[in-house]
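Residues per chain are reported as follows:
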Amino acid sequence: VDLGVNAGVMLKAPFKGRDNDIAGLAVGYAKIGSHARGLDDDTAALTTPGYPVRSSETIIETTCQYQVTPWWQLQ
């Protein structure tokens, strides 16, 4: 990975009356390095035509933590 960037935000008590709940959203990006892309190119050329060449990856993640009881939290 040549470049990786991540960001996220969490919100405590996103719903009225649910003071111990948490909601979150995150985004991440990774640019695949030239050596890994070169390996993919070589693999495709030598052994597996149509082999995918990695370039980058973007992810989006959401989460929610729900306080069921004082001793039990569901995520």
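Quick note: structure is the one above.
Counting from 1, residues in each chain are numbered in the order their sequence is written. At least 70 in pLDDT is required for a residue's local features to be given in this predicted model, at least 80 for side-chain atom pairs to be given and counted, and no such filter applies to totals for whole chains, interfaces and linings, which use all residues. Side-chain descriptors were evaluated using all non-hydrogen atoms of the structure, hydrogens and water having been removed beforehand.

Chemist: Explain the packing of aromatic side chains residue by residue, including any values.
Modeler: Stacked, edge-to-face and tilted are the three classes for Phe, Tyr and Trp ring pairs, Trp counted by its six-membered ring, which pair at centre distances within 6.5 Å; planes under 30 degrees apart are stacked, over 60 edge-to-face, the rest tilted. Under the defined criterion, the tally for this structure stands at 1 aromatic pair. Measuring from centroid to centroid gives 6.2 Å for Trp-71 and Trp-72, while their planes differ by 20°, and the two rings are stacked.

Chemist: Report on the pattern of salt bridges, specifying residues and quantitative values.
Modeler: Here, a salt bridge means any side-chain nitrogen of Lys or Arg that lies within 4 Å of a carboxyl oxygen of Asp or Glu. What the rule picks out here adds up to 2 salt bridges. The salt bridge involving Asp-21 is made with Arg-18; its shortest N-O contact spans 2.7 Å. Look at Asp-21 and you get buried, because its relative accessible area is 3%. Across the salt bridge formed by Asp-40 and Arg-54, the nearest N and O atoms sit 2.8 Å from each other. Remark: Arg-54 occurs in the loop between α1 (34–46) and β3 (56–69) and Asp-40 occurs in helix α1; sequence separation between them is 14 residues. Remark: exposure states derive from per-residue accessible area (1.4 Å probe, protein chains only) relative to the maximum for the residue type, with buried under 20%, exposed over 50%, and partly exposed in between. On the basis of relative accessible area, Asp-40 is assigned to the buried category, the value being 2%. Every helix listed is a DSSP run of H or I at least four residues long, and every strand listed is a run of E at least two residues long, numbered separately from the N terminus.

Chemist: Report on the side chain of Gln-65, specifying residues and quantitative values.
Modeler: For Gln-65, the position within the fold is in strand β3. On the accessibility criterion, Gln-65 (16% relative accessible area) is buried. Contacts are assigned to residue pairs with any non-hydrogen atoms lying within 4.5 Å of each other. Here Gln-65 is in contact with Asp-21, Ile-22, Gln-73, Leu-74 and Gln-75, once residues within four sequence places are set aside.

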